[in-house]
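Working through the structure, step by step
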Amino acid sequence: MKQSKLFTKARREAPADEVSKNAQLLVRAGYVHKEMAGVYSYLPLGKKVLEKIEEVVREEMDAVGGQEVRMATLHPSEPWKQTGAWDSVDVVFKLLSRTEKEYTVGQSEEEIVTPIAREYVQSYKDLPVAIYQIGQKYRDELRAKSGILRGREFTMKDMYSFHETQEDFDRFYNVMKEAYLKVYSRLGLVAKATEASGGAFTKKLSYEFMVLTDAGEDDILYCDHCSYCVNAEISEQKESDACTRCGKGSLSRAKASEVGNIFDLGTKYTTDFSFTYKDKEGKDQHPIMGCFGIGISRLMGVIVETFGDDKGLVWPESVAPFAVHLVSLGKGDDEISKMADALYDELTEKGVEILYDDRDLRAGEKFAESDLLGIPKRIVVGKEAVATGMFEVVNRATGEVVKKSRAELV
RNA sequence: CGGGGCGUAGUAUACCGGUAGUACGCUUGCUUUGGGAGCAAAUAGACCGAGUUCGAUUCUCGGCGCCCCGACCA
């Protein structure tokens, strides 16, 4: 992609009405555009990042046997009334059509997925099954905040699984826990599986996946020795207490952002929707259901909060919109332009995802903007490259500079 | 939803009870060219409504919007 053709432009100033780091940087760099409080459009660069995150999540969900679907976003009100959520869940948007019919937009999909599963699962032989989707969710939040970390519209991966027995659910639950940790690790994040309230439908604990960041909304207590971590809202322990799990470490308190959760829904929904299968004895049984969410757009925000520095965004390679930022210097210098053009063509042909700043701008402006965009690797083509044949390669995260020849790059 | 703050060109800001100035951006020309250049010209603005006033962008009230704190958070 040539930057002269890129739809968006970086801005020198951060928007005055954004305080959070993720919103300031993403807006400045042209990754997103705010529509209203808690609702952002994703522009070409931002969309690429979202898709990178989605792809990592998709691979790990497929790896544990998940099957991807795309469920409706506009929902009839009936199933929501059937489960009681229409009246009891206050973040449900309620829409009225011109003929006064009621609808909602999905803030979660149990009301949609359960009737779908009921249609295709009749026997214990059809279980277990796990289906998921990646898509937009809508929640009528009283207060959107922190840029893309907590919005009224956001992108989420939500998986729903159905099981014959509690044992099988527990088995899958652990598989998912590992899959989730793998996802976060691939995104360059350190997440803690955190014990939390199980929500409305189970007395059991659920797990929330927390990434430590001051921008987060939750307080957690975690052991400095083992992997124990608990949401402070359900814990009677306090900072500096000895860890009750390993007995060796002590607890630290920190702010964290919830980037995923896994719930045991029991038979709440399968009962509400009269979803039964025949077991081996031919008796009707309600499947046990699980729900597994990952906040895709929130993850993007958390990545910005975690890695962004005073110069701008810093993307881990796994989610960067481009792998390489090729920057040519020397306005109007034909030799430099030709050399940069040639390198761009070669790298593009090799399949390298590359953004080429071919614009006639001064070096300072190009470097500042390159830093802001946060692409992991910058290749500079200037007089020096023409003279020596060696290209300067700069690591955005570390600032480390190495010289490489054309042959080493392509 | 309670509390606080803020709404001025595309962006960031300034001043003012007498209709607005600066910087960046955008357009044009010349110079400059390895860390956000210079000169010149050009473009562009008071959230909405009501009230007070001879006159409101400025003061008052209401609305709307945005941010922050809290509450809330399948």
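Residues numbered from 1 in each chain as written. Chains lettered and ligands numbered in written order. Predicted model: local features only at pLDDT ≥ 70, side-chain atom pairs only at ≥ 80, totals over all residues.

Regarding the overall build of chain A
- Along its length, chain A carries 12 helices and 21 strands.
- Counting the 410 residues in chain A, one finds 41% classified as buried.
- Put simply, of all contacts in chain A between residues at least 6 apart along the chain, 67% involve residues at least 24 apart. (Helix = DSSP H or I, 4+ residues; strand = E, 2+ residues; numbered from the N terminus. Buried ≥ 20, exposed ≤ 12 C-beta atoms within 10 Å, placed from the backbone. Contact = placed C-beta atoms within 7 Å.)

Section: the protein's contact with RNA strand B
- Near RNA strand B you find 45 residues, and of these Asp17, Ala37, Ala363, Gly364 and Gly382 are the closest.
- Here the surface near RNA strand B gets eight residues from one element, more than from any other, and that element is helix 10 (residues 363-373).
- Residue classes in the surface near RNA strand B are distributed as 18 nonpolar, nine polar and 18 charged. (Near = placed C-beta within 6 Å. Nonpolar A, V, L, I, M, F, W, Y, C, P; charged D, E, K, R; others polar.)

Description of the pairing of strand 8 (residues 153-163)
- With 11 of its 11 residues buried, strand 8 lies for the most part within the structure.
- Side chains of strand 8 alternate between two faces, with Glu153, Thr155, Lys157, Met159, Ser161 and His163 and Phe154, Met156, Asp158, Tyr160 and Phe162 buried alike.

Looking at the packing of helix 1 (residues 21-28) against helix 8 (residues 296-307)
- As a packed pair, helix 1 and helix 8 sit with axes 9 Å apart at the nearest point and diverge in direction by 95°. Relative to helix 8, helix 1 is oriented roughly perpendicular. Where helix 1 approaches helix 8, its residues Lys21, Asn22, Leu25 and Leu26 are matched on the opposing element by Gly301, Val304 and Glu305.
- Classifying every residue of the contact of helix 1 with helix 8 by side-chain character gives three nonpolar, two polar and two charged. (Axes fitted to C-alpha atoms, helices over the stretch in contact; angles between N-to-C directions. Parallel < 35°, antiparallel > 145°, perpendicular 65-115°, else oblique.)

Side note on the nonpolar core
- With 96 residues, the main nonpolar core has Leu26, Ile53, Tyr184, Leu187, Leu326 and Val381 as its most contacted residues.
- For this core, the leading source of residues is helix 6 (residues 166-186), giving eight residues. (Core = buried A, V, L, I, M, F, W, Y, C linked by C-beta atoms within 7 Å.)

Considering the sheet that holds strand 5 (residues 95-96)
- Taken in spatial order, the three strands of this open sheet run 4-6-5, and their pairing is antiparallel. On the outer flanks of this sheet lie strand 4 (74-76) and strand 5, each paired with one strand and no other.
- Strand direction decides the pairing type here: strand 5 and strand 6 (residues 102-105), joined by two bridges, are antiparallel. By the bridge assignment for strand 6, leucine 95 is matched with tyrosine 103. (Pairing = 2+ DSSP bridges.)

As for the sheet that holds strand 17 (residues 324-328)
- Pairing is mixed across the open sheet formed by five strands, whose spatial order is 18-17-19-20-21. A single partner strand is all that each edge strand has here, and the edge strands are strand 18 (354-357) and strand 21 (401-405). Between one strand and the next, the sheet's axes are offset by a mean angle of 25°, whatever the strand orientation.
- Where strand 20 (residues 390-395) meets strand 21, five bridges bridge the pair, whose relative direction is antiparallel. Bridging from a neighbouring strand, valine 393 pairs with valine 402 of strand 21.
- Against the sheet, helix 9 (residues 334-349) makes contact with strand 17, strand 18 and strand 19 (377-381), and its axis sits at roughly 165° relative to strand 17, the strand it touches most.
- In this fold helix 10 packs onto strand 17, strand 18 and strand 19, with an angle of close to 175° to the strand it touches most, strand 17.

Topic: the environment of serine 77
- For serine 77, the position within the fold is in the loop between strand 4 and helix 3 (78-83).
- With 32 residues separating them along the chain, serine 77 and leucine 45 place their C-alpha atoms 36 Å apart.
- Those residues within four positions of serine 77 in sequence are excluded, and the remaining contacts are Trp86, Glu102, Tyr103 and Thr104.

Section: the environment of glutamate 353
- By the element assignment, glutamate 353 lies in the loop between helix 9 and strand 18.
- Accessibility expressed as a C-beta count within 10 Å gives 15 for glutamate 353, which makes it partly exposed.
- It is 31 Å that separates the C-alpha atoms of glutamate 353 and glycine 38, two residues lying 315 residues apart in sequence.
- Residues contacting glutamate 353, with those up to four places away along its chain left out, are Phe322 and Ala323.

Observations concerning helix 8
- In a regular helix each residue adds 1.5 Å, so 12 residues correspond to 16 Å; helix 8 covers 17 Å between its end C-alpha atoms and thus fits that length.
- Counting buried positions along helix 8 gives 11 out of 12 residues, so the element sits mostly inside the fold.
- Within helix 8 the residues assigned to the buried category are Ile296, Ser297, Arg298, Leu299, Met300, Gly301, Val302, Ile303, Val304, Glu305 and Thr306. (Expected span 1.5 Å × (residues − 1).)

Observations concerning helix 2 (residues 44-63)
- For helix 2, spanning 20 residues, the distance from its first C-alpha to its last is 28 Å, which sits close to the expected 28 Å at 1.5 Å a residue.
- Along helix 2, the residues that are buried comprise Leu45, Gly46, Lys48, Val49, Leu50, Lys52, Ile53, Val56, Val57, Glu60 and Met61.
- Note on helix 2: the residue one or two positions beyond its end, glycine 65, has a positive phi of about 95°.

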